[in-house]
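Observations on chain architecture
So the chains spell out like this:
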Amino acid sequence: MNIRSEITTQFQEVAREYDKRLAPLTDRLTLLDSGLDSLCFAIIVARLERDLGIDPFSSSEDALFPLTFGEFVQFYENAAK
Amino acid sequence: MPQSSLTSLWSALSSEGNLSGHYLLSDQASLALSELTEGSALYGHGDELRGRSVLIATTSQLAASLALIELDGVARRVVLYPPDLPLGYLPFVIETAEVDAIVSDGKTVELGNPRLERFVPCNGEITPCSSDRTAQHQTEWILLTSGTTGLPKLVVHTLLSLAGAIERQSPAAAKIVWSTFYDIRRYGGLQIFLRALLTGTPLVLSSAQESTADFLDRASSHGVTHISGTPSHWRRALMSPAIHQLAPEYVRLSGEIADQGILNNLKLVYPNARIAHAFATTEAGVAFDVNDGMAGFPASVIAHTPNVEMKIEDRSLCIRSNRTSPRYLGGHAPILRGDDGFVDTGDLLELRDGRYYFVGRRDGVINIGGLKVYPEEVEAVINRHPSVQMSLVKTKKNPITGAIVIADVVLKASEQTANQDTRELQHEILLLCRDALSSHKIPAAINFVSSLAVAESGKLTRRNA
(Lines give C-alpha, C1' and ligand atoms only; values in the text may rest on other atoms or scores of the structure.)
Protein backbone atom coordinates (compact mmCIF):
# COMPACT_ATOMS: atom_id res chain seq x y z
CA MET A 1 0.00 0.00 0.00
CA ASN A 2 1.33 3.40 -0.92
CA ILE A 3 0.98 5.62 2.11
CA ARG A 4 1.46 8.86 0.23
CA SER A 5 -1.24 8.12 -2.31
CA GLU A 6 -3.65 6.99 0.41
CA ILE A 7 -3.05 10.23 2.33
CA THR A 8 -3.48 12.29 -0.84
CA THR A 9 -6.76 10.52 -1.57
CA GLN A 10 -8.07 11.20 1.95
CA PHE A 11 -7.16 14.89 1.75
CA GLN A 12 -9.00 15.16 -1.56
CA GLU A 13 -12.06 13.21 -0.40
CA VAL A 14 -12.48 15.11 2.85
CA ALA A 15 -12.00 18.44 1.05
CA ARG A 16 -14.72 17.45 -1.40
CA GLU A 17 -17.11 16.22 1.31
CA TYR A 18 -16.71 19.35 3.42
CA ASP A 19 -16.73 21.71 0.49
CA LYS A 20 -13.22 23.04 1.03
CA ARG A 21 -10.93 24.32 -1.70
CA LEU A 22 -7.78 22.20 -1.40
CA ALA A 23 -4.42 23.77 -2.20
CA PRO A 24 -2.02 21.75 -4.41
CA LEU A 25 -0.52 19.07 -2.14
CA THR A 26 3.20 19.78 -2.37
CA ASP A 27 5.60 18.66 0.35
CA ARG A 28 6.21 22.25 1.43
CA LEU A 29 2.54 23.13 1.79
CA THR A 30 1.81 24.26 5.37
CA LEU A 31 -1.14 22.18 6.51
CA LEU A 32 -2.98 25.21 7.84
CA ASP A 33 -2.78 26.75 4.36
CA SER A 34 -4.23 23.64 2.73
CA GLY A 35 -7.79 24.95 2.95
CA LEU A 36 -8.84 22.32 5.51
CA ASP A 37 -9.98 23.08 9.06
CA SER A 38 -9.34 21.20 12.34
CA LEU A 39 -12.39 19.02 11.90
CA CYS A 40 -11.17 17.95 8.45
CA PHE A 41 -7.76 16.98 9.86
CA ALA A 42 -9.45 15.08 12.67
CA ILE A 43 -11.46 13.11 10.13
CA ILE A 44 -8.43 12.44 7.93
CA VAL A 45 -6.51 11.05 10.91
CA ALA A 46 -9.46 8.82 11.86
CA ARG A 47 -9.89 7.50 8.33
CA LEU A 48 -6.18 6.86 7.88
CA GLU A 49 -6.24 4.82 11.06
CA ARG A 50 -9.17 2.84 9.66
CA ASP A 51 -7.63 2.29 6.23
CA LEU A 52 -3.92 2.04 7.00
CA GLY A 53 -4.19 0.65 10.50
CA ILE A 54 -1.76 3.30 11.71
CA ASP A 55 -2.25 6.05 14.28
CA PRO A 56 1.14 7.70 14.67
CA PHE A 57 -0.30 10.15 17.23
CA SER A 58 -1.08 7.41 19.72
CA SER A 59 2.51 6.19 19.81
CA SER A 60 3.69 9.18 21.83
CA GLU A 61 1.90 11.73 23.96
CA ASP A 62 4.51 14.26 23.03
CA ALA A 63 4.26 13.79 19.27
CA LEU A 64 4.17 17.27 17.79
CA PHE A 65 1.75 17.68 14.95
CA PRO A 66 3.49 17.87 11.55
CA LEU A 67 3.39 21.35 10.07
CA THR A 68 3.71 20.64 6.34
CA PHE A 69 2.15 18.07 4.02
CA GLY A 70 5.60 16.49 3.49
CA GLU A 71 6.08 16.13 7.27
CA PHE A 72 2.60 14.64 7.57
CA VAL A 73 3.41 11.94 4.98
CA GLN A 74 6.80 11.33 6.64
CA PHE A 75 5.09 11.01 10.03
CA TYR A 76 2.91 8.19 8.71
CA GLU A 77 5.73 6.54 6.75
CA ASN A 78 7.92 6.45 9.86
CA ALA A 79 5.11 4.97 11.93
CA ALA A 80 4.56 2.25 9.34
CA LYS A 81 8.18 1.05 9.54
CA MET B 1 -12.94 43.71 42.51
CA PRO B 2 -15.32 44.24 45.43
CA GLN B 3 -18.57 42.63 44.29
CA SER B 4 -20.74 45.43 45.62
CA SER B 5 -19.10 47.93 43.28
CA LEU B 6 -20.26 45.97 40.25
CA THR B 7 -23.53 47.76 39.62
CA SER B 8 -22.90 47.67 35.90
CA LEU B 9 -20.04 47.03 33.56
CA TRP B 10 -19.93 50.66 32.43
CA SER B 11 -19.97 51.99 35.99
CA ALA B 12 -17.14 49.61 36.93
CA LEU B 13 -15.10 50.81 33.95
CA SER B 14 -15.78 54.51 34.29
CA SER B 15 -15.54 54.64 38.10
CA GLU B 16 -11.84 53.98 37.87
CA GLY B 17 -11.66 57.43 36.38
CA ASN B 18 -9.11 56.38 33.90
CA LEU B 19 -10.11 54.32 30.92
CA SER B 20 -6.79 54.84 29.22
CA GLY B 21 -5.52 51.27 29.68
CA HIS B 22 -8.62 49.78 28.11
CA TYR B 23 -8.30 48.78 24.51
CA LEU B 24 -10.22 46.34 22.35
CA LEU B 25 -8.05 45.20 19.48
CA SER B 26 -9.85 43.38 16.67
CA ASP B 27 -8.95 42.61 13.07
CA GLN B 28 -11.27 45.50 12.13
CA ALA B 29 -10.03 48.23 14.42
CA SER B 30 -8.27 49.14 17.62
CA LEU B 31 -10.56 51.03 19.97
CA ALA B 32 -9.82 52.90 23.17
CA LEU B 33 -12.79 52.49 25.49
CA SER B 34 -12.26 56.06 26.67
CA GLU B 35 -14.02 57.02 23.41
CA LEU B 36 -17.22 55.70 24.98
CA THR B 37 -17.15 58.50 27.54
CA GLU B 38 -18.36 60.94 24.93
CA GLY B 39 -19.47 58.53 22.29
CA SER B 40 -21.60 55.50 21.59
CA ALA B 41 -21.41 52.36 19.49
CA LEU B 42 -25.21 52.35 19.38
CA TYR B 43 -25.35 55.77 17.69
CA GLY B 44 -26.89 57.16 20.88
CA HIS B 45 -29.89 54.81 20.78
CA GLY B 46 -28.92 52.88 23.90
CA ASP B 47 -31.57 54.62 25.98
CA GLU B 48 -34.31 53.25 23.70
CA LEU B 49 -33.24 49.80 24.85
CA ARG B 50 -33.69 50.61 28.52
CA GLY B 51 -35.62 47.86 30.32
CA ARG B 52 -35.84 45.72 27.18
CA SER B 53 -34.76 42.17 26.40
CA VAL B 54 -32.12 42.77 23.75
CA LEU B 55 -30.72 40.19 21.35
CA ILE B 56 -27.15 41.01 20.41
CA ALA B 57 -26.68 39.35 17.04
CA THR B 58 -23.63 40.75 15.35
CA THR B 59 -21.05 39.10 13.15
CA SER B 60 -18.28 41.13 14.72
CA GLN B 61 -17.05 40.42 18.24
CA LEU B 62 -16.00 44.05 18.57
CA ALA B 63 -19.55 45.26 17.93
CA ALA B 64 -20.96 42.73 20.42
CA SER B 65 -18.36 43.80 23.01
CA LEU B 66 -19.29 47.46 22.76
CA ALA B 67 -23.02 46.68 22.90
CA LEU B 68 -22.48 44.67 26.09
CA ILE B 69 -20.56 47.50 27.72
CA GLU B 70 -23.30 49.98 26.86
CA LEU B 71 -26.28 47.81 27.71
CA ASP B 72 -25.33 46.12 31.00
CA GLY B 73 -27.38 47.84 33.69
CA VAL B 74 -29.53 49.51 31.03
CA ALA B 75 -31.28 46.59 29.34
CA ARG B 76 -33.33 44.14 31.40
CA ARG B 77 -31.72 41.26 29.53
CA VAL B 78 -29.00 40.80 26.91
CA VAL B 79 -28.98 37.66 24.79
CA LEU B 80 -25.64 36.73 23.22
CA TYR B 81 -26.22 35.00 19.89
CA PRO B 82 -23.06 33.14 18.87
CA PRO B 83 -22.25 33.64 15.19
CA ASP B 84 -21.91 29.92 14.51
CA LEU B 85 -25.42 29.11 15.73
CA PRO B 86 -27.73 28.47 12.74
CA LEU B 87 -30.12 31.39 12.24
CA GLY B 88 -33.00 28.91 12.15
CA TYR B 89 -32.96 28.97 15.96
CA LEU B 90 -33.61 32.72 16.07
CA PRO B 91 -37.41 32.49 16.40
CA PHE B 92 -37.06 30.01 19.29
CA VAL B 93 -34.51 32.21 21.07
CA ILE B 94 -36.55 35.38 20.52
CA GLU B 95 -39.67 33.69 21.91
CA THR B 96 -37.98 32.04 24.89
CA ALA B 97 -36.03 35.12 25.98
CA GLU B 98 -38.98 37.43 25.26
CA VAL B 99 -36.69 39.48 23.05
CA ASP B 100 -38.25 42.80 22.02
CA ALA B 101 -35.21 44.55 20.55
CA ILE B 102 -32.23 43.62 18.43
CA VAL B 103 -28.76 45.07 18.18
CA SER B 104 -27.10 43.94 14.97
CA ASP B 105 -24.53 44.85 12.38
CA GLY B 106 -27.22 43.95 9.88
CA LYS B 107 -25.43 40.95 8.51
CA THR B 108 -27.06 38.23 10.55
CA VAL B 109 -30.62 39.16 11.31
CA GLU B 110 -33.71 39.23 9.15
CA LEU B 111 -36.44 41.33 10.64
CA GLY B 112 -40.15 40.61 10.33
CA ASN B 113 -40.90 39.27 13.79
CA PRO B 114 -43.81 41.26 15.25
CA ARG B 115 -42.38 41.00 18.77
CA LEU B 116 -39.37 43.06 17.83
CA GLU B 117 -40.12 46.68 18.47
CA ARG B 118 -36.66 48.14 18.17
CA PHE B 119 -33.75 47.59 15.88
CA VAL B 120 -30.49 49.34 16.71
CA PRO B 121 -27.48 49.08 14.42
CA CYS B 122 -24.02 48.51 15.85
CA ASN B 123 -21.02 48.14 13.58
CA GLY B 124 -18.11 48.30 15.97
CA GLU B 125 -17.50 52.01 15.48
CA ILE B 126 -17.93 54.69 18.13
CA THR B 127 -19.57 57.95 17.10
CA PRO B 128 -19.64 61.11 19.23
CA CYS B 129 -22.93 61.49 21.12
CA SER B 130 -24.12 61.45 24.68
CA SER B 131 -25.65 58.40 26.29
CA ASP B 132 -27.36 57.90 29.63
CA ARG B 133 -25.98 54.66 30.99
CA THR B 134 -27.35 55.00 34.52
CA ALA B 135 -27.71 51.46 35.83
CA GLN B 136 -31.33 50.63 36.65
CA HIS B 137 -31.32 46.89 36.15
CA GLN B 138 -29.30 43.94 37.24
CA THR B 139 -29.17 42.86 33.65
CA GLU B 140 -29.55 39.17 32.88
CA TRP B 141 -26.90 37.92 30.48
CA ILE B 142 -28.22 34.98 28.46
CA LEU B 143 -25.68 32.53 27.07
CA LEU B 144 -26.64 29.80 24.64
CA THR B 145 -25.43 26.18 24.81
CA SER B 146 -26.45 23.04 22.94
CA GLY B 147 -29.44 21.04 24.13
CA THR B 148 -30.43 17.38 23.64
CA THR B 149 -33.01 18.05 20.97
CA GLY B 150 -30.80 20.41 19.04
CA LEU B 151 -32.60 23.49 20.34
CA PRO B 152 -30.19 25.70 22.28
CA LYS B 153 -30.51 26.02 26.06
CA LEU B 154 -30.62 29.57 27.40
CA VAL B 155 -28.43 29.94 30.48
CA VAL B 156 -29.09 32.91 32.79
CA HIS B 157 -26.19 34.84 34.32
CA THR B 158 -25.56 38.32 35.68
CA LEU B 159 -22.41 40.41 35.69
CA LEU B 160 -21.95 39.32 39.31
CA SER B 161 -22.05 35.59 38.56
CA LEU B 162 -19.88 36.00 35.47
CA ALA B 163 -17.27 38.10 37.24
CA GLY B 164 -17.23 35.99 40.41
CA ALA B 165 -13.84 34.42 39.65
CA ILE B 166 -12.13 37.66 38.62
CA GLU B 167 -9.82 39.28 41.12
CA ARG B 168 -8.66 42.85 40.94
CA GLN B 169 -5.12 43.20 39.72
CA SER B 170 -2.61 44.70 42.09
CA PRO B 171 -1.51 48.03 40.60
CA ALA B 172 2.09 46.88 40.60
CA ALA B 173 1.27 43.96 38.34
CA ALA B 174 3.35 43.81 35.21
CA LYS B 175 1.82 44.95 31.99
CA ILE B 176 -0.63 42.33 30.82
CA VAL B 177 -2.22 41.99 27.38
CA TRP B 178 -4.98 39.39 27.17
CA SER B 179 -6.20 37.42 24.21
CA THR B 180 -8.36 34.40 23.58
CA PHE B 181 -9.07 32.07 20.71
CA TYR B 182 -12.67 31.90 21.95
CA ASP B 183 -15.48 34.01 20.63
CA ILE B 184 -16.50 36.29 23.50
CA ARG B 185 -20.10 35.13 23.17
CA ARG B 186 -19.07 31.73 24.49
CA TYR B 187 -18.60 31.37 28.26
CA GLY B 188 -14.83 30.80 27.96
CA GLY B 189 -14.39 33.92 25.83
CA LEU B 190 -16.72 36.02 27.95
CA GLN B 191 -14.57 35.24 31.00
CA ILE B 192 -11.49 36.67 29.29
CA PHE B 193 -13.45 39.67 27.98
CA LEU B 194 -14.63 40.56 31.50
CA ARG B 195 -11.24 39.78 33.02
CA ALA B 196 -9.55 42.22 30.64
CA LEU B 197 -12.17 44.93 31.19
CA LEU B 198 -12.36 44.63 34.97
CA THR B 199 -8.61 44.51 35.42
CA GLY B 200 -7.90 47.31 32.96
CA THR B 201 -5.85 45.39 30.42
CA PRO B 202 -6.02 45.48 26.62
CA LEU B 203 -7.76 42.57 24.90
CA VAL B 204 -6.97 41.17 21.46
CA LEU B 205 -10.17 39.70 20.00
CA SER B 206 -10.09 36.75 17.63
CA SER B 207 -12.05 36.68 14.39
CA ALA B 208 -13.76 33.85 12.55
CA GLN B 209 -12.64 35.46 9.29
CA GLU B 210 -8.97 35.28 10.21
CA SER B 211 -6.57 32.35 9.77
CA THR B 212 -4.83 30.94 12.83
CA ALA B 213 -1.49 32.22 11.54
CA ASP B 214 -2.84 35.75 10.99
CA PHE B 215 -4.41 35.77 14.45
CA LEU B 216 -1.17 34.61 16.08
CA ASP B 217 0.75 37.26 14.10
CA ARG B 218 -1.65 39.95 15.23
CA ALA B 219 -1.58 38.74 18.84
CA SER B 220 2.20 38.84 18.89
CA SER B 221 2.30 42.28 17.29
CA HIS B 222 0.12 43.55 20.17
CA GLY B 223 2.46 41.93 22.69
CA VAL B 224 -0.04 39.43 24.10
CA THR B 225 1.16 38.03 27.43
CA HIS B 226 -1.91 36.02 28.53
CA ILE B 227 -3.93 33.84 26.20
CA SER B 228 -6.69 31.26 26.54
CA GLY B 229 -8.40 28.67 24.38
CA THR B 230 -9.70 25.13 24.31
CA PRO B 231 -7.25 22.23 23.89
CA SER B 232 -8.55 22.03 20.31
CA HIS B 233 -7.79 25.70 19.69
CA TRP B 234 -4.28 25.03 20.97
CA ARG B 235 -3.82 21.86 18.93
CA ARG B 236 -4.69 23.88 15.87
CA ALA B 237 -2.30 26.66 16.86
CA LEU B 238 0.45 24.06 17.28
CA MET B 239 0.02 23.24 13.59
CA SER B 240 1.02 26.77 12.66
CA PRO B 241 4.65 27.87 12.52
CA ALA B 242 3.31 31.26 13.71
CA ILE B 243 2.89 29.84 17.22
CA HIS B 244 6.57 30.57 17.81
CA GLN B 245 6.04 34.30 17.25
CA LEU B 246 4.09 34.51 20.46
CA ALA B 247 5.92 34.47 23.79
CA PRO B 248 3.15 34.31 26.37
CA GLU B 249 3.74 34.36 30.11
CA TYR B 250 0.45 32.61 30.78
CA VAL B 251 -1.38 30.02 28.73
CA ARG B 252 -4.84 28.88 29.80
CA LEU B 253 -6.88 25.93 28.58
CA SER B 254 -10.56 25.38 29.28
CA GLY B 255 -13.75 24.05 27.73
CA GLU B 256 -12.51 20.52 27.14
CA ILE B 257 -10.49 17.95 29.02
CA ALA B 258 -6.82 18.89 28.79
CA ASP B 259 -4.86 15.68 28.24
CA GLN B 260 -1.20 15.21 29.11
CA GLY B 261 -0.23 15.39 25.44
CA ILE B 262 -1.46 18.93 24.85
CA LEU B 263 -0.01 20.12 28.18
CA ASN B 264 3.39 18.63 27.29
CA ASN B 265 3.33 20.07 23.79
CA LEU B 266 2.59 23.57 25.06
CA LYS B 267 5.35 23.27 27.66
CA LEU B 268 7.79 22.36 24.87
CA VAL B 269 6.78 25.35 22.76
CA TYR B 270 6.51 27.80 25.68
CA PRO B 271 9.01 26.55 28.29
CA ASN B 272 8.83 29.78 30.29
CA ALA B 273 5.06 30.16 30.38
CA ARG B 274 2.76 29.24 33.23
CA ILE B 275 0.36 26.72 31.72
CA ALA B 276 -2.96 26.25 33.48
CA HIS B 277 -6.08 24.31 32.66
CA ALA B 278 -9.35 25.39 34.18
CA PHE B 279 -12.60 23.65 34.90
CA ALA B 280 -15.56 25.84 34.04
CA THR B 281 -18.91 25.31 32.38
CA THR B 282 -21.52 27.76 31.12
CA GLU B 283 -23.94 26.50 33.78
CA ALA B 284 -21.62 25.92 36.74
CA GLY B 285 -19.27 28.84 36.17
CA VAL B 286 -15.54 28.85 36.86
CA ALA B 287 -14.69 26.20 39.45
CA PHE B 288 -10.92 25.82 39.66
CA ASP B 289 -7.57 26.08 37.87
CA VAL B 290 -4.90 23.40 37.74
CA ASN B 291 -1.38 24.79 37.62
CA ASP B 292 0.93 21.79 38.06
CA GLY B 293 1.16 20.90 34.38
CA MET B 294 -0.52 17.55 34.90
CA ALA B 295 -3.78 16.28 33.42
CA GLY B 296 -6.63 15.80 35.88
CA PHE B 297 -6.52 17.55 39.25
CA PRO B 298 -5.36 16.79 42.81
CA ALA B 299 -8.10 15.28 44.99
CA SER B 300 -7.56 18.07 47.53
CA VAL B 301 -9.04 20.58 45.07
CA ILE B 302 -12.54 19.30 45.88
CA ALA B 303 -12.38 20.36 49.53
CA HIS B 304 -9.94 23.25 49.35
CA THR B 305 -10.99 25.63 46.60
CA PRO B 306 -11.78 29.09 47.99
CA ASN B 307 -15.33 30.36 47.33
CA VAL B 308 -16.38 27.20 45.51
CA GLU B 309 -17.97 24.18 47.17
CA MET B 310 -17.68 20.88 45.38
CA LYS B 311 -18.91 17.36 45.95
CA ILE B 312 -18.99 14.20 43.92
CA GLU B 313 -22.33 12.46 43.62
CA ASP B 314 -22.74 9.33 41.62
CA ARG B 315 -19.24 9.97 40.15
CA SER B 316 -20.44 13.35 38.85
CA LEU B 317 -18.88 16.67 39.86
CA CYS B 318 -21.39 19.02 41.54
CA ILE B 319 -20.61 22.68 42.18
CA ARG B 320 -22.06 25.41 44.40
CA SER B 321 -20.78 28.97 44.27
CA ASN B 322 -21.89 32.50 43.47
CA ARG B 323 -20.61 31.90 39.93
CA THR B 324 -23.21 29.33 38.91
CA SER B 325 -26.22 30.16 36.80
CA PRO B 326 -29.50 30.02 38.73
CA ARG B 327 -31.65 28.65 35.89
CA TYR B 328 -32.39 28.10 32.24
CA LEU B 329 -34.95 30.33 30.53
CA GLY B 330 -38.09 28.78 29.13
CA GLY B 331 -41.24 27.07 30.36
CA HIS B 332 -40.11 23.50 29.71
CA ALA B 333 -36.47 24.00 30.54
CA PRO B 334 -34.77 21.41 32.77
CA ILE B 335 -33.72 22.18 36.34
CA LEU B 336 -30.27 23.74 36.35
CA ARG B 337 -29.56 24.13 40.07
CA GLY B 338 -30.77 21.61 42.64
CA ASP B 339 -32.65 22.48 45.86
CA ASP B 340 -29.36 22.40 47.76
CA GLY B 341 -27.93 25.01 45.40
CA PHE B 342 -25.52 22.62 43.70
CA VAL B 343 -25.22 22.43 39.92
CA ASP B 344 -24.63 18.87 38.73
CA THR B 345 -22.16 19.22 35.85
CA GLY B 346 -22.73 15.68 34.58
CA ASP B 347 -18.96 15.38 34.16
CA LEU B 348 -17.85 12.01 35.52
CA LEU B 349 -14.70 11.63 37.59
CA GLU B 350 -12.42 8.75 38.42
CA LEU B 351 -9.90 8.77 41.28
CA ARG B 352 -6.47 7.33 40.49
CA ASP B 353 -3.48 7.75 42.82
CA GLY B 354 -4.81 10.80 44.61
CA ARG B 355 -5.85 12.56 41.43
CA TYR B 356 -9.19 12.95 39.77
CA TYR B 357 -9.54 12.49 36.02
CA PHE B 358 -12.52 13.33 33.84
CA VAL B 359 -13.74 10.17 32.13
CA GLY B 360 -16.79 11.32 30.17
CA ARG B 361 -20.32 12.59 30.59
CA ARG B 362 -23.28 10.97 32.29
CA ASP B 363 -25.64 12.12 29.56
CA GLY B 364 -23.29 10.75 26.91
CA VAL B 365 -22.77 14.22 25.49
CA ILE B 366 -19.70 14.41 23.29
CA ASN B 367 -17.30 17.34 23.34
CA ILE B 368 -15.85 18.14 19.91
CA GLY B 369 -13.36 20.96 20.12
CA GLY B 370 -15.29 22.58 22.98
CA LEU B 371 -18.70 22.27 21.32
CA LYS B 372 -21.35 19.88 22.61
CA VAL B 373 -22.86 17.10 20.56
CA TYR B 374 -25.83 15.14 21.87
CA PRO B 375 -25.72 11.68 20.26
CA GLU B 376 -29.53 11.52 20.24
CA GLU B 377 -29.77 14.55 17.97
CA VAL B 378 -27.44 13.00 15.39
CA GLU B 379 -29.11 9.58 15.65
CA ALA B 380 -32.50 11.15 14.96
CA VAL B 381 -31.17 12.54 11.69
CA ILE B 382 -29.52 9.26 10.63
CA ASN B 383 -32.67 7.32 11.49
CA ARG B 384 -34.62 9.39 8.97
CA HIS B 385 -32.94 7.45 6.17
CA PRO B 386 -35.43 4.85 4.88
CA SER B 387 -32.88 2.02 4.95
CA VAL B 388 -31.81 2.62 8.55
CA GLN B 389 -33.32 0.62 11.40
CA MET B 390 -31.37 2.16 14.26
CA SER B 391 -28.11 3.90 14.97
CA LEU B 392 -25.72 4.63 17.80
CA VAL B 393 -23.58 7.74 17.78
CA LYS B 394 -20.42 7.58 19.84
CA THR B 395 -17.09 9.24 20.20
CA LYS B 396 -13.65 8.23 19.16
CA LYS B 397 -10.53 9.77 20.64
CA ASN B 398 -8.76 12.05 18.22
CA PRO B 399 -5.44 13.90 18.41
CA ILE B 400 -6.78 17.06 16.71
CA THR B 401 -10.20 17.79 18.17
CA GLY B 402 -10.02 15.60 21.28
CA ALA B 403 -12.79 13.43 19.92
CA ILE B 404 -14.79 12.91 16.75
CA VAL B 405 -18.28 11.62 16.12
CA ILE B 406 -18.67 8.05 14.81
CA ALA B 407 -21.96 6.34 13.97
CA ASP B 408 -22.76 2.62 14.13
CA VAL B 409 -25.75 1.95 11.91
CA VAL B 410 -28.01 -1.10 11.71
CA LEU B 411 -29.81 -1.42 8.39
CA LYS B 412 -33.30 -2.78 8.00
CA ALA B 413 -33.30 -6.54 7.34
CA SER B 414 -34.51 -6.11 3.78
CA GLU B 415 -31.64 -3.72 3.05
CA GLN B 416 -28.98 -6.00 4.54
CA THR B 417 -29.86 -8.80 2.14
CA ALA B 418 -30.35 -6.52 -0.82
CA ASN B 419 -26.58 -6.18 -1.01
CA GLN B 420 -26.83 -2.46 -1.63
CA ASP B 421 -23.66 -0.52 -2.31
CA THR B 422 -22.56 0.46 1.21
CA ARG B 423 -20.48 3.41 0.02
CA GLU B 424 -23.51 4.84 -1.67
CA LEU B 425 -25.56 4.37 1.51
CA GLN B 426 -22.88 6.04 3.63
CA HIS B 427 -22.90 8.93 1.22
CA GLU B 428 -26.69 9.30 1.38
CA ILE B 429 -26.69 9.26 5.18
CA LEU B 430 -23.90 11.83 5.30
CA LEU B 431 -25.86 14.07 2.94
CA LEU B 432 -28.83 13.93 5.33
CA CYS B 433 -26.54 14.89 8.21
CA ARG B 434 -24.94 17.72 6.27
CA ASP B 435 -28.33 19.24 5.53
CA ALA B 436 -29.53 19.10 9.13
CA LEU B 437 -26.49 19.46 11.41
CA SER B 438 -23.63 21.83 12.19
CA SER B 439 -20.38 20.47 10.77
CA HIS B 440 -18.90 19.37 14.13
CA LYS B 441 -21.95 17.10 14.62
CA ILE B 442 -21.60 15.23 11.32
CA PRO B 443 -20.18 11.72 11.83
CA ALA B 444 -16.61 11.37 10.58
CA ALA B 445 -17.28 7.73 9.83
CA ILE B 446 -20.34 5.54 9.45
CA ASN B 447 -19.94 1.83 10.23
CA PHE B 448 -22.63 -0.68 9.29
CA VAL B 449 -23.09 -3.22 12.08
CA SER B 450 -25.45 -6.17 12.41
CA SER B 451 -26.84 -5.21 15.83
CA LEU B 452 -26.56 -2.76 18.71
CA ALA B 453 -26.64 -3.61 22.40
CA VAL B 454 -29.87 -2.61 24.12
CA ALA B 455 -29.97 -2.45 27.92
CA GLU B 456 -32.75 -3.82 30.12
CA SER B 457 -34.18 -0.33 30.32
CA GLY B 458 -34.86 -0.65 26.60
CA LYS B 459 -32.30 2.05 25.90
CA LEU B 460 -29.25 1.74 23.73
CA THR B 461 -26.18 0.86 25.71
CA ARG B 462 -23.87 3.83 25.54
CA ARG B 463 -20.27 3.42 26.44
CA ASN B 464 -17.94 6.14 25.33
CA ALA B 465 -14.21 5.74 25.17
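For clarity, every value in this text was computed on a predicted model and none was experimentally measured.

With 20 residues of chain A in contact, the opposing surface of chain B contributes 26 residues. It is helix α2 (residues 38-52) of chain A that contributes the most residues to the side of chain A that touches chain B, 9 residues altogether.

Our focus in this paragraph is helix α2 (residues 61-71) of chain B. All names here are of chain B. Taken across its 11 residues, α2 has 11 buried, putting it largely inside the fold. Of the residues making up α2, those classed as buried are Gln61, Leu62, Ala63, Ala64, Ser65, Leu66, Ala67, Leu68, Ile69, Glu70 and Leu71. At the exit of α2 stands Gly73, carrying a positive phi of roughly 90 degrees.

It is worth spelling out the pairing of strand β6 (residues 101-104) of chain B at this point. All names here are of chain B. The alternating pattern of β6 places Ala101 and Val103 on one face and Ile102 and Ser104 on the opposite face, and all of these are buried. Inspection of the sheet shows strand β4 (residues 53-57) paired to β6 by 4 bridges, in the parallel sense. Considered in β6, the bridge of Leu55 is made with Ile102. As paired elements, β6 and strand β7 (residues 118-121) share 4 bridges and run parallel to each other. Within β7, the residue paired with Ala101 across the bridge is Arg118.

The next subject is the environment of Pro82(B). Residue and element names in this part refer to chain B. Residue position: Pro82 is located in the loop between β5 (77-80) and α3 (90-96). C-beta crowding within 10 Å serves as the criterion here: with 17 such atoms nearby, Pro82 is assigned to the partly exposed category. Distance from Pro82 to Arg186, taken between C-alpha atoms, is 7.0 Å for residues 104 residues apart in sequence. Aside from chain neighbours lying at most four places away, what touches Pro82 is Leu144, Asp183, Arg185 and Arg186.

Our focus in this paragraph is the domain arrangement of chain B. Where the parts come together, the accessible area they lose is often given as the size of the interface. Residues and elements named next belong to chain B. According to the domain assignment, chain B contains domain 1 (3-348) and domain 2 (366-448). Spacing between the C-alpha centres of domain 1 and domain 2 amounts to 32 Å. Listed per partner, the contact involves 13 residues of domain 1 and 11 residues of domain 2. At 3 residues, the largest contribution of residues to the side of domain 1 that touches domain 2 is made by helix α7 (residues 231-238). Its residues assigned to classes, the side of domain 1 that touches domain 2 shows 3 nonpolar, 8 polar and 2 charged.

Residue and element names in this part refer to chain B. Note: strand β18 (residues 308-313) against strand β19 (residues 316-321), 6 bridges, orientation antiparallel. Counterpart to Glu313 in the pairing with β19 is Ser316. If you look at the hairpin formed by β18 and β19, you'll find 2 residues sitting between the two strands, and Asp314 has a positive phi there, around 60 degrees.

Residue and element names in this part refer to chain A. The terminal C-alpha atoms of helix α1 (residues 3-17), which comprises 15 residues, lie 21 Å apart, in line with the 21 Å expected from a rise of 1.5 Å per residue. Looking at α1, one finds that the buried residues are Ile7, Gln10, Phe11 and Val14. Around the axis of α1, the buried residues are gathered within 100 degrees of arc, so they sit on the same side. Of the exposed residues in α1, those oriented more than 90 degrees away from the buried face are Ser5, Gln12 and Arg16. In this fold, the buried residues of α1 make contact with α2 and α3 (69-80). Just downstream of α1 lies Asp19, where phi reads positive at about 60 degrees.

Another point: the nonpolar core. Most often, soluble globular proteins have nonpolar side chains that are buried together. Ranked by internal contacts, the top residues of the largest apolar core, which has 100 residues, are Val54(B), Ile56(B), Ala67(B), Val78(B), Val79(B) and Leu80(B). For Ile56(B), the contacting residues outside a window of four places in its chain are Ala64(B), Ala67(B), Leu68(B), Val78(B), Val79(B), Leu80(B), Tyr81(B) and Val103(B). Counting residues in hydrophobic clusters, the runner-up holds 43 residues, among them Val14(A), Ala46(A), Ala407(B) and Ala444(B).

All names here are of chain A. When you line up the elements, Val14 lands in helix α1. When the 20 C-beta atoms within 10 Å are taken as the criterion, Val14 is described as buried. It is 22 Å that separates the C-alpha atoms of Val14 and Ser58, two residues lying 44 residues apart in sequence. When residues no more than four places from it in sequence are discounted, the contact partners of Val14 are Leu36, Cys40, Ile43 and Ile44.

Conventions used here
- Residues numbered from 1 in each chain as written.
- Chains lettered and ligands numbered in written order.
- Predicted model: local features only at pLDDT ≥ 70, side-chain atom pairs only at ≥ 80, totals over all residues.
- Contact = placed C-beta atoms within 7 Å.
- Helix = DSSP H or I, 4+ residues; strand = E, 2+ residues; numbered from the N terminus.
- Buried ≥ 20, exposed ≤ 12 C-beta atoms within 10 Å, placed from the backbone.
- Pairing = 2+ DSSP bridges.
- Domains from an automatic or database assignment.
- Nonpolar A, V, L, I, M, F, W, Y, C, P; charged D, E, K, R; others polar.
- Expected span 1.5 Å × (residues − 1).
- Arc of directions from axis to C-beta.
- Core = buried A, V, L, I, M, F, W, Y, C linked by C-beta atoms within 7 Å.

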